[in-house]
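Here is how the chains run, residue by residue.
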Protein chains: 2
Amino acid sequence: MLYPETINNLIECYKKFPGVGEKSAERMALYTLEMDQEIIDLFAQSLKDSKKNIKRCKKCNNLSETDICSICGSETRDKKVICVVEEPKNVFQFEKIGSYNGLYHVLDGLISPLEDINPEDINLDSLLDRIKNDDVEEVIIAVKPSVEGETTALYISKILEDKNVTISKIAHGVPMGADMDYVDALTLELALQERKNITSHTE
Amino acid sequence: MLYPETINNLIECYKKFPGVGEKSAERMALYTLEMDQEIIDLFAQSLKDSKKNIKRCKKCNNLSETDICSICGSETRDKKVICVVEEPKNVFQFEKIGSYNGLYHVLDGLISPLEDINPEDINLDSLLDRIKNDDVEEVIIAVKPSVEGETTALYISKILEDKNVTISKIAHGVPMGADMDYVDALTLELALQERKNITSHTE
């Protein structure tokens, strides 16, 4: 015999999460037994709701409980700027800093010929539609600095070439608080290439 | 705005687990959205069942879905031997090795004067009852080698002194596969003290 069935089931569920192995799943299952009833109820209910309530915003493709997400539906956001990101979680990363007041566009992937992910496989058509129909002035590309990210950024700037919209890309370089000893060579190279003048030499 | 409410609730629930911080909880919540419906259903159901179905075995105090757990209720187990452990999960650790065929007794804690955990706070009375009423021949103490573990082991051997039962303690020493470089001094000292003869010197 091993664990009672309910505990075994919990272990199996926890093991589905990335990075959670047999031991962690066991620990979590046993910990579950000590949780308060109200937390358990909220937990079970949220799990069920998550499938039912969470859909994608019809405009920006972000996670939302309504057809149009609260960002796209907001009166106070700057609708002239769209920040293009790879995944929904990136939206929340930007929202957390609190200083960006434009809209978003979630691609749900990056172009990757190696993995057979082509432009039509990611959410680009709806981005074009938004640029055509809405009064967009700037598209900020905020995808990760990788081959796929660069390819996607290049492709987006290509298809938006004749659309009378400014296209920008977030800065890459040495992150804040990083110990220079541990910054990799590629990041350093990027940081060097994209260096900014702080005073200009005049004679 | 941050995440939709359902996702926020999930994050709050995941954050309750030991060792799960904000970022991991977020990752788990977003991962939940990608899980299959049947896993979600099993997950939610198991959570609810865990509070309702899991109780303690009336005999050994192990986690069980029945009044008497499957180990205590088994016909094939050796009822003459009781292995005393600290927590329910230790039972499952021993069960996994598969070679132990006796019963268990879960203390739910160790004696710790510093933390004000006294003998009457852990599950010792029922151990005494079992020794008095059942036909027990050996009690194996399998608690961790710490001040609390040693105190508890000492206390148990004290109260069982006159009970005509063999008391043993699991061996402590260098674990299998350990790199000697990384074995701590205390473990080495224990290993040395509890050394076993492999040949005996005869003249």
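Please read all numbers here as calculations on a predicted model, not as lab measurements.

**Overview of the domain arrangement of chain A**
You can read the domains of chain A as domain 1 (5–53) and domain 2 (76–199). Centre-to-centre, using C-alpha coordinates, domain 1 of chain A lies 35 Å away from domain 2 of chain A.

**Looking at the relation of the copies chain A and chain B**
When chain A is fitted to chain B, the residual RMSD is 0.1 Å, and the transformation amounts to a turn of 180 degrees plus an axial shift of 0.0 Å. On this basis, the relationship between the two copies can be described by a two-fold rotation axis. Closest approach to the rotation axis among the C-alpha atoms of chain A is made by A:Ala44, whose C-alpha sits 2.2 Å away. An overlap of 100% is found between the interface residues of chain A and their copies at the interface of chain B, pointing to a shared contact surface.

**Concerning a negative patch on the surface**
All names here are of chain A. Side chains of Asp116, Glu120, Asp121, Asp125 and Asp129 sit close together on the surface and give a patch of like negative charge. With respect to the helices and strands, Glu120 occurs in the loop between β4 (103–106) and α5 (125–133). Classification of Glu120 by relative accessible area gives exposed; the value is 60%.

**Re the pattern of salt bridges**
Residue and element names in this part refer to chain A. The tally for this structure, following the rule as stated, stands at 26 salt bridges over all chains. For Asp67, the salt bridge identified is with Lys55, shortest N-O distance 3.7 Å. Here Asp67, found in the loop between β2 (63–64) and β3 (81–85), pairs with Lys55, found in strand β1 (residues 55–56); they are 12 residues apart in sequence, far enough to count as distant. For Asp67, a relative accessible area of 39% translates into the label partly exposed. Since its relative accessible area comes to 39%, Lys55 is described here as partly exposed. Ionic pairing is found between Arg77 and Glu95, a salt bridge with its closest N-O pair at 2.9 Å. With Arg77 in the loop between β2 and β3 and Glu95 in helix α4 (residues 88–97), the pair connects residues that are 18 residues apart, well separated along the chain. What makes Arg77 buried here is its relative accessible area of 13%. One salt-bridge network, held together by shared partners, links Glu12, Lys15 and Glu22.

**Let's talk about the pairing of strand β4 (residues 103–106) of chain B**
Residue and element names in this part refer to chain B. Residues of β4 alternate between two faces, with Leu103 and His105 on one and Tyr104 and Val106 on the opposite face, all of them buried. Bridge analysis of strand β3 (residues 81–85) against β4 gives four bridges, and the strand direction is parallel. Its bridge partner being in β4, Val84 is matched across the sheet by His105. The parallel pair β3 and β4 is bridged by helix α4 (residues 88–97), and the resulting crossover is right-handed.

**What about the sheet that holds strand β6 (residues 166–169) of chain A?**
Residue and element names in this part refer to chain A. Spatially, the four strands line up as an open sheet ordered β4-β3-β5-β6, and their pairing is parallel. At either margin of the open sheet sits one strand with a lone partner, and together these are β4 and β6. Direction aside, the axes of adjacent strands within the sheet are offset by 25 degrees on average. Sheet analysis places β3 next to strand β5 (residues 138–141), joined by four bridges and oriented parallel. Within the sheet, the bridge partner assigned to Val84 lies in β5 and is Ile141. Seen against the sheet, helix α6 (residues 147–159) touches β3, β5 and β6 and runs at an angle of roughly 170 degrees to β6.

**Notes on the packing of helix α1 (residues 5–15) of chain A against helix α3 (residues 37–53) of chain B**
For any two helices packed against each other, one specifies the inter-axial angle together with the distance between the axes. Contact geometry for α1(A) and α3(B): axes closest at 9 Å, N-to-C directions at 140 degrees. Here α1(A) is positioned oblique relative to α3(B), judged by the angle of their axes. In this structure, the crossing between α1(A) and α3(B) has a hand that is left-handed. Contact with α1(A), carried on its side by A:Thr6, A:Asn9, A:Leu10, A:Cys13 and A:Tyr14, involves B:Ile39, B:Leu42, B:Phe43, B:Ser46, B:Leu47, B:Asp49, B:Ser50 and B:Asn53 of α3(B) and no other residues of that element.

**Some details on the interface of chain A and chain B**
Between chain A and chain B, the contact holds 47 residues from the first and 48 residues from the second. Between the two partners, chain A and chain B, sit two salt bridges. Here B:Lys96 ties to A:Glu26 by a salt bridge, and the two come within 2.4 Å at their closest N and O atoms. Where chain A touches chain B, the interface holds 10 residue pairs in polar contact (both at pLDDT 80 or more). At the level of elements, α1, α2 (22–32), α3 (37–53), β2 and α4 of chain A are the ones that each hand at least two residues to the side of chain A that touches chain B. Counting residues per element, the side of chain A that touches chain B draws most heavily on α3(A), at 13 residues. Partitioned by chemical class, the residues of the side of chain A that touches chain B number 25 nonpolar, 10 polar and 12 charged.

Conventions adopted
- Residues numbered from 1 in each chain as written.
- Chains lettered and ligands numbered in written order.
- Predicted model: local features only at pLDDT ≥ 70, side-chain atom pairs only at ≥ 80, totals over all residues.
- Heavy atoms only, no water.
- Domains from an automatic or database assignment.
- Least-squares fit on C-alpha atoms with pLDDT ≥ 70 in both.
- Contact = heavy atoms within 4.5 Å.
- Patch = residues over 30% accessible without salt bridge, like charges linked within 9 Å, V, L, I, M, F, W, Y side chains within 5 Å.
- Areas by Shrake-Rupley, 256 points an atom, 1.4 Å probe, with all protein chains shown as cover.
- Salt bridge = Lys/Arg side-chain N within 4 Å of Asp/Glu carboxyl O.
- Lys, Arg positive; Asp, Glu negative; His and termini not counted.
- Charge placed at Lys NZ, Arg CZ, Asp CG, Glu CD.
- Helix = DSSP H or I, 4+ residues; strand = E, 2+ residues; numbered from the N terminus.
- Buried < 20%, exposed > 50% of the residue type's maximum accessible area, 1.4 Å probe, protein only.
- Pairing = 2+ DSSP bridges.
- Right-handed = clockwise from strand over helix to strand, strands pointing away.
- Axes fitted to C-alpha atoms, helices over the stretch in contact; angles between N-to-C directions.
- Parallel < 35°, antiparallel > 145°, perpendicular 65-115°, else oblique.
- Left-handed = near helix turned anticlockwise from the far one by under 90°.
- Polar contact = N/O pair within 3.5 Å; in protein donor to acceptor, adjacent residues only side chain to side chain.
- Nonpolar A, V, L, I, M, F, W, Y, C, P; charged D, E, K, R; others polar.

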